[in-house]
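# Commentary on secondary and tertiary structure
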Amino acid sequence: MNERASIRREVRITGSADEIWAVAGDPARLTEWFPGVVACEVDGDTRTVTAGAGRAMTEQIVTIDRLQRRFQYRITTPMFRQHLGTVDVVDLGDGTCMVVYGTDAEPAMLALAVGGATGQALTNLRALVEAGGPDAGAGEIAGS
Amino acid sequence: MGRKILFITTDQQRYDTLGCNGGTIARTPVVDRLAAGGIRFERAHPQSVVCMPSRSTILTGQYPATHGVWMNGVPLPPDAPSVADTLHDAGYRTALVGKAHFQPFLDPLLRFEENAMSRTGLPGGMTYRGFEHLELAAHGPTGPLHYARWLAAEHPGAIAGFYRVLDASFQVNGAGGGETSAPQVQENPIERGWYHTDWVADRTIAWLDSLAAGDDWFCWMSFPDPHHPWDPPQSEVGRIDWRDVPLPPGYPERAEDRARIIDAKPRHWRMWYDGTLVTNFEAPARWVPATLSADQVREITARNAVECELIDEAVGRVLQAIEGRGWADDVDVVFTTDHGELGGDFGLLFKGPYHVDGLMRLPLVWRPAPGCRLSPEVVTRPVGLVDLAPTFCAIAGVDAPGWMQGAALPVSDTDADARRFERVLTEWDSELFGIDVHLRTVMRDHWVCTVYRPGTCHDGTEGELYDLDGDPLQQLNLWDDPARRSERDALVADLADHEPRARDPRPLLEAPV
């Protein structure tokens, strides 16, 4: 079994790329859509994410590219030997977007443990956006 | 006042580990007595040979394809039905003490309720999947579950004595120990009373003590053992000297015999045996089965038997407590496990996509409430864990809801024949890091037939066919035997005709286990 693993989840969302990017591309809004995250603080290119048990994980923000609508970050806590998370918002040109969330990490099992949550994250993101825009739905999804 | 239900599960226990099933290594007088006074099933199969799908089948009364937990790491959907809900709605008090595992364990964000509830509890008046009371445990001493938190608070010095279930890469640990360096074996100096087996019994008794005499109740007492690691309290290991333990009949001692038998099976058998393929998270990734020695099989078998004895004694304590409450005549006791253990068969340990008796033939004993005056019986016809939920409904006098796919267990072969218990089905699906394996198995009459669907190692033409009458150890694969083609075709057709409904969309894999 490989030490490293690559996990991909995707979802098609009805909404404009700008609407979706307003949530997915804003590192401070993670609590609104990522399951198990109860708090997050952004300080420059460092994001500190707090999980349900109170455990904090530090992340380095690598890319916020509003033109490609790509967000990337690395989890830098020591239990990961490597990590790169990538969120892409792709405009399909028909009023919908494909949002792809990639997790590349070592060790492989942690890639799946964290990357496995991204499917539910994307489901939450879709509900948030399709509920009438990010602002309208934010309160309902937060903490789900 | 109705019949009360004590539902006892173990984890990964073989059929042949009980004295009532012919086992000769572990002494299990308590369960043997239940069997002598009740119904002992000789062909009970799980609908999946791994924990989460199988436990979800027990809870929902549905096949894995239907409830959606198609492999370990897929959480049971929140809208999945639960027999505990049905019983709670009927007025039963409900509890689950021990191992649940309807949601993944490996949960660094603590996003699953089962991992969070030891801290958060249940909201007032709420239930979780129909259980009003839950105290959870797993195989290890660390993590967020109730047992681990209790051990950390009360006996923190005992934690280090347990085997580390995961290695530094969060893989299932393959490190060896004991006297033979057997995988997943460790000497654990913990006091017996602090080990999870006794903890599960203690917490079950405490919950029963909290009930009113007139309450009807359903208690799922779920022991994490004898699932590996094999690290029972060292004070108890001397009960069975591994040097005196005979090798299991399914373990061919000569390496060339093991290789010959495995080579007649679909190719992933040999690939795992040689350590070139790991299809799932159910066995140590870095352990090579071909290195397993006869003495290691003996030592693991002995430790497994010690764990079975501790469970049997813990069950005895709970039954005594029930008697002390004056409920002895009113309680149905059901004892089973979620799936089996290869236990040295074919030179293999642990579990995986291998639909043979070591993993599929389960201990199942139902001792109806003595007040019902049912005669003791042995049922030889095939039944499944999918039949447990409707059985609990029948005991409670509640109609089984339409979403349940099984039927209440038969009380005799005559009853089984009248209600057409003819077959039992088992599924396997795994998709992990680019490797997928898919099996569908039917057991009926004296045949076990497994169809392979296309996957990483299989093109969809492979299969396994065993004649349990002539080859009870399933060492002779008749799939390609022209003389058995008509039986094979009939079984494959029967399997296709009884394919359970699949949940759509299929839930996502969210964690390794």
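See above for the structure.
Here is a short report on the structure shown in this document.

Rules and cut-offs
Residues numbered from 1 in each chain as written. Chains lettered and ligands numbered in written order. Predicted model: local features only at pLDDT ≥ 70, side-chain atom pairs only at ≥ 80, totals over all residues. Heavy atoms only, no water. Helix = DSSP H or I, 4+ residues; strand = E, 2+ residues; numbered from the N terminus. Buried < 20%, exposed > 50% of the residue type's maximum accessible area, 1.4 Å probe, protein only. Contact = heavy atoms within 4.5 Å. Areas by Shrake-Rupley, 256 points an atom, 1.4 Å probe, with all protein chains shown as cover. Lys, Arg positive; Asp, Glu negative; His and termini not counted. Charge placed at Lys NZ, Arg CZ, Asp CG, Glu CD. Buried area = accessible area lost by both parts, 1.4 Å probe. Salt bridge = Lys/Arg side-chain N within 4 Å of Asp/Glu carboxyl O. Polar contact = N/O pair within 3.5 Å; in protein donor to acceptor, adjacent residues only side chain to side chain. Nonpolar A, V, L, I, M, F, W, Y, C, P; charged D, E, K, R; others polar. Pairing = 2+ DSSP bridges. Core = buried A, V, L, I, M, F, W, Y, C linked by side-chain atoms within 4.5 Å. Axes fitted to C-alpha atoms, helices over the stretch in contact; angles between N-to-C directions. Parallel < 35°, antiparallel > 145°, perpendicular 65-115°, else oblique. Left-handed = near helix turned anticlockwise from the far one by under 90°. Phe/Tyr/Trp six-rings, centres within 6.5 Å; stacked < 30°, edge-to-face > 60°. Lys NZ or Arg CZ within 6 Å of the ring centre and 35° of its normal.

### Considering the overall build of chain B
A tally of regular secondary structure across chain B gives 15 helices and 15 strands. Its C-alpha atoms put chain B at 60 × 55 × 45 Å along the principal axes. The burial tally for chain B puts 64% of its 513 residues in the buried class. Considering only contacts in chain B between residues 6 or more positions apart, those separated by 24 or more positions represent 73%. A total accessible area of about 17400 Å² is found for chain B, and carbon and sulfur atoms account for 50% of it. Each charge class in chain B was averaged separately, 47 positive and 74 negative side chains, and the resulting centres sit 0 Å apart.

### Observations concerning the interface of chain B and chain A
Taken together, the contacts link 21 residues of chain B with 27 residues of chain A. Looking only at chain B, the three residues that lose the most surface to chain A are P108(B), L109(B) and F433(B), adding up to 34% of its buried area. The shortest N-O distance in the salt bridge between E3(A) and R286(B) comes to 2.3 Å. The tally of links from chain B across to chain A stands at 5 residue pairs in polar contact (both at pLDDT 80 or more). Residue classes in the side of chain B that touches chain A are distributed as 15 nonpolar, 3 polar and 3 charged.

### A short note on the pairing of strand β3 (residues 93-98) of chain B
All names here are of chain B. For β3, a buried count of 5 out of 6 residues is recorded, marking the element as mostly surrounded by other parts of the structure. Both β3 and strand β7 (residues 217-222) contribute to a ladder of 6 bridges, which runs parallel. Its bridge partner lying in β7, V97 is registered against M221.

### Re the nonpolar core
Ranked by internal contacts, the top residues of the largest apolar core, which has 95 residues, are W33(A), L125(A) and F392(B). No other element matches the 7 residues that helix α2 (residues 108-115) of chain A contributes to this core. Listed in part, the 40 residues of the second largest apolar core include I205(B), F223(B), I311(B) and A314(B).

### Some thoughts on the pairing of strand β14 (residues 447-452) of chain B
Residues and elements named next belong to chain B. Burial within β14 is extensive, with 6 of its 6 residues counted as buried. Burial of β14 is two-sided: the residues W447, C449 and V451 facing one way and the residues V448, T450 and Y452 facing the other way are all buried. Where strand β13 (residues 435-444) lies against β14, 6 bridges are found, and the strand directions are antiparallel. Residue pairing across strands places R444 opposite W447, the latter belonging to β14. Between β13 and β14, which pair antiparallel one after the other, the connecting turn spans 2 residues, and D445 there sits at a positive phi close to 50°. Looking at chain direction, β14 and strand β15 (residues 463-467) are connected through 5 bridges and run antiparallel. Bridged to C449 within β15 is L465.

### With respect to the environment of W33(A)
All names here are of chain A. Within the secondary structure layout, W33 lies in the loop between α1 (17-24) and β2 (37-43). Among the residues examined, W33 registers a relative accessible area of 3% and is labelled buried. On a C-alpha basis, the gap between W33 and A111 in space is 19 Å, while along the polypeptide they are 78 residues apart.

### Quick notes on the side chain of T9(B)
Residues and elements named next belong to chain B. Tracing the sequence through the fold places T9 in strand β1 (residues 4-10). A distance of 3.2 Å separates the side chain of T9 from the side chain of S222, its partner in a polar contact. Beyond its immediate sequence surroundings of up to four residues, T9 is in contact with R55, I58, W220, M221, S222, F223 and T336.

### What about the packing of α1(A) against helix α3 (residues 117-130) of chain A?
All names here are of chain A. Across the interface, α1 lies against α3 with an axial gap of 10 Å and an inter-helix angle of 125°. Taken together, the axis directions place α1 and α3 in an arrangement best described as oblique. Crossing hand, α1 versus α3: right-handed. Contact residues: I20, V23 and A24 in α1; L125, L128 and V129 in α3.

### A short note on helix α13 (residues 388-396) of chain B
Residues and elements named next belong to chain B. Among the 9 residues in α13, 8 count as buried, and that is most of the element. For α13, the full list of buried residues reads L388, A389, P390, T391, F392, C393, I395 and A396. The first or second residue beyond α13 is G397, which carries a positive phi of 75°.

### Some remarks on the sheet that holds strand β3 (residues 46-51) of chain A
All names here are of chain A. Ordered in space as β1-β7-β6-β5-β4-β3-β2, the 7 strands form an open sheet in which the pairing is antiparallel. Two strands in the sheet have a free side with no partner beyond their single neighbour: β1 (5-14) and β2. On average, each strand axis in the sheet is tilted by 20° relative to the strand beside it, whichever way the strands run. Pairing of β1 with strand β7 (residues 96-106) involves 10 bridges; the strand directions are antiparallel. Its bridge partner lying in β7, E10 is registered against V100. Strands in contact with α3 are β1 and β7; relative to β1, the strand with the most contacts, it is inclined by about 15°.

### What to know about the side chain of D357(B)
Mapped onto the secondary structure, D357(B) falls in helix α12 (residues 357-360). Leave out the neighbours within four places in its chain, and D357(B) touches R43(B), H45(B), L468(B), P472(B) and Q474(B).

### Topic: the environment of L359(B)
Residue and element names in this part refer to chain B. Within the secondary structure, L359 sits in helix α12. Here the alpha-carbon distance between L359 and D436, two residues 77 residues apart in the chain, equals 20 Å. Setting aside its immediate chain neighbours within four residues, L359 contacts P46, V49, H339, G340, E341, L342, F350, K351, G352 and Y354.

### So, the packing of aromatic side chains
Enumeration over the complete set of coordinates arrives at 20 aromatic pairs over all chains. Plain terms: the ring middles of F131(B) and F218(B) are 6.3 Å apart, the flat faces sit at 20° to each other, and that makes the pair stacked. Here the residue F131(B) occupies a position in the loop between α5 (113-120) and β4 (133-136), and F218(B) occupies one in strand β7, the gap between them amounting to 87 residues. In this arrangement the basic side chain of R47(A) is found over the ring face of Y73(A), its NZ or CZ atom lying 5.1 Å from the centre. Of note, R488(B) hangs over the ring of W479(B), and the distance from its end group to the ring centre comes to 3.8 Å.

Functional significance is not addressed by these values, which are geometric in nature.
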